[in-house]
Amino acid sequence: MDAETFRAESRDRWERAAPGWAATRETMQRAAAGVSAWLVDTVDPRPGQTILELAAGAADTGLMAAERVAPDGRVIITDGAEAMVDVARARAEELGIRNVELRPMEAEWIDLPAASVDGVLCRWGYMLLADPEAALRETRRVLRPGGRVALAAWDAPERNPWLAVPGREGVRAGLWEAPAKGDPGPFALGDPARIEELLAAAGFADVEVGALDLTFEAPSLDAWWDYTVRTSTWLSDGLARLSPAEHYAYRDAVDKGYAEWVGANGAVRLPARTLVAQATA
Ligand SMILES: C[S@@+](CC[C@H](N)C(=O)[O-])C[C@H]1O[C@@H](n2cnc3c(N)ncnc32)[C@H](O)[C@@H]1O
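Residues numbered from 1 in each chain as written. Predicted model: local features only at pLDDT ≥ 70, side-chain atom pairs only at ≥ 80, totals over all residues. Heavy atoms only, no water.

### Thoughts on the side chain of Thr24
Next, step 1: Assignment of secondary structure puts Thr24 in the loop between α1 (3–23) and α2 (25–43).
Next, step 2: With residues up to four places along the chain from it excluded, the contact list for Thr24 reads Tyr227, Arg230 and Thr231. (Helix = DSSP H or I, 4+ residues; strand = E, 2+ residues; numbered from the N terminus. Contact = heavy atoms within 4.5 Å.)

### Description of the nonpolar core
Buried together is how nonpolar side chains tend to be arranged in soluble globular proteins.
Next, step 1: Within the largest apolar cluster, 78 residues are counted, with the highest numbers of intra-cluster contacts made by Tyr126 and Phe216.
Next, step 2: With near-sequence residues (within four places) excluded, Tyr126 lies in contact with Leu54, Val120, Pro132, Ala135, Leu136, Thr139, Val149, Leu151 and Leu189.
Next, step 3: By size, the runner-up hydrophobic cluster in this structure holds 5 residues, among which are Ala18, Ala58, Ala81 and Val87. (Core = buried A, V, L, I, M, F, W, Y, C linked by side-chain atoms within 4.5 Å. Buried < 20%, exposed > 50% of the residue type's maximum accessible area, 1.4 Å probe, protein only.)

### Observations concerning the sheet that holds strand β3 (residues 100–104)
Next, step 1: With respect to topology, 7 strands assemble into an open sheet ordered β3-β2-β1-β4-β5-β7-β6, the strand pairing being mixed. In this open sheet, the two edge strands, each paired with only one partner strand, are β3 and β6 (205–218). Looking at each pair of strands side by side, their axes are set apart by 15° on average, direction ignored.
Next, step 2: Looking at chain direction, strand β2 (residues 74–79) and β3 are connected through 5 bridges and run parallel. (Pairing = 2+ DSSP bridges. Axes fitted to C-alpha atoms, helices over the stretch in contact; angles between N-to-C directions.)

### Considering the site of the ligand
Next, step 1: Looking at the ligand, there are 16 residues lining it, with Ala55, Asp79, Gly80, Glu106 and Arg123 nearest.
Next, step 2: One of the backbone N or O atoms of Ala55 is found 2.8 Å from a nitrogen atom in the ligand.
Next, step 3: The separation between an oxygen atom of the ligand and a polar side-chain atom of Asp79 is 2.5 Å.
Next, step 4: In the complex, the protein chains occlude 94% of the 590 Å² of accessible area that the ligand would expose alone.
Next, step 5: Of the residues belonging to the shell around the ligand, the class tally is 11 nonpolar, 2 polar and 3 charged. (Near = heavy atom within 4 Å. Polar contact = N/O pair within 3.5 Å; in protein donor to acceptor, adjacent residues only side chain to side chain. Areas by Shrake-Rupley, 256 points an atom, 1.4 Å probe, with all protein chains shown as cover. Nonpolar A, V, L, I, M, F, W, Y, C, P; charged D, E, K, R; others polar.)

### Thoughts on helix α3 (residues 60–69)
Next, step 1: With 7 of 10 residues buried, α3 lies mostly within the body of the structure.
Next, step 2: Within α3, burial applies to Asp60, Thr61, Gly62, Leu63, Ala65, Ala66 and Val69.
Next, step 3: Looking at the buried side of α3, the elements it contacts are α2, β1 (50–53), β2, α4 (82–95), β3 and β4 (117–123).

### Section: the pattern of salt bridges
Next, step 1: Under the counting rule described, the total for this entry stands at 27 salt bridges.
Next, step 2: Between Glu101 and Arg74 there is a salt bridge, with the nearest N and O atoms lying 2.2 Å from each other. Taken together, the positions of Glu101 in strand β3 and Arg74 in strand β2 put the pair 27 residues apart, joining distant regions of the chain.
Next, step 3: On the basis of relative accessibility, which here comes to 25%, the residue Glu101 falls in the partly exposed class.
Next, step 4: Measuring nitrogen to oxygen at the nearest pair gives 3.0 Å for the salt bridge that ties Glu94 to Arg91. Of this pair, Glu94 and Arg91 are both found in helix α4, 3 residues apart, which corresponds to roughly one turn of the helix. (Salt bridge = Lys/Arg side-chain N within 4 Å of Asp/Glu carboxyl O.)

### So, the environment of Asp191
Next, step 1: With respect to the helices, strands and loops of the structure, Asp191 is situated in the loop between α6 (161–172) and α7 (192–201).
Next, step 2: Linking Asp191 and Val87, residues 104 residues apart in sequence, is a C-alpha distance of 30 Å.
Next, step 3: Reaching out from Asp191, the side chain makes a polar contact with the backbone nitrogen of Ala193 at a distance of 3.0 Å.

### So, the packing of aromatic side chains
Next, step 1: Enumeration according to the criterion identifies 8 aromatic pairs in this entry.
Next, step 2: Here Trp14 and Trp21 contribute two aromatic rings whose centre-to-centre distance is 5.6 Å and whose plane-to-plane angle is 70°, an arrangement assigned as edge-to-face.
Next, step 3: Residue classification places Trp21 among the partly exposed positions, given a relative accessible area of 23%.
Next, step 4: Judged by centre distance (6.2 Å) and plane angle (50°), the ring pair of Trp154 and Phe216 falls under tilted. Of this pair, Trp154 sits in strand β5 (residues 143–154) while Phe216 sits in strand β6, and the two are 62 residues apart along the sequence.
Next, step 5: The buried category is assigned to Phe216, whose relative accessible area is 0%.
Next, step 6: Linked through ring pairs, Trp124, Trp154, Trp162, Phe216, Trp224 and Tyr227 together constitute an aromatic cluster. (Phe/Tyr/Trp six-rings, centres within 6.5 Å; stacked < 30°, edge-to-face > 60°.)

So, in structure tokens, the structure goes:
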């Protein structure tokens, strides 16, 4: 993998994915609110503190932290994609939360002075980076001594059929290649030992890795399909290359892969497991 090519393509994908993430934010957060709460509780923001959120997306986690540091503290909400920062800004305005600073920022090059923040939050971001160790070193640099990072990264594919099924079937359908070991992607940090190793290599102490279960819910397979296509440019770009017959065959294969999680009423409840980690700078 050429890191620079990867970074440019990844930024383009996330810029294009932002409208879909804005439109489907509630589906994600209904499943993932507990993960945000864990991350925020772990960093334990106090009134007056400065908290940084990396790869924030719609910033559901950072905005939760903003309430905890109010009235004088602030949360610096950042994302590599400007369009995602716009999504977060709109959400902050919708909630009337003012003690936030919203900025485009690369997680691998954190544009903040050393020892300038009290805590760092990152839900499902580090695993997508070309160099997660560099990002964790940067995270430690900007944390005040004793400050904490709390992060989430998806566990192994077998514990995440919601994402693994379309991924596996996409390889079979020729939509993309199976990721090589170590390449960035949703499962790149799906091993507690790897997260521990990266945090230790970045100089963190008191490293702890655990796991949280969550469930993605949709009223039907059609609704879940819509969610998936709107949030993944891998999928929407891949589908655009298929003939109608190939498209239907792929969709059928994905629906079959999900069959055991579809109830009698057609509603879908897909299990997911995320690793969560904390460490001290
Ligand atoms: C899977 S989404 C997670 C969004 C949000 N944290 C959440 O939990 O809903 C990944 C986010 O990482 C951002 N991202 C990807 N590469 C990045 C990078 N190199 N630097 C900063 N953000 C990045 C994307 O723009 C996207 O918003």
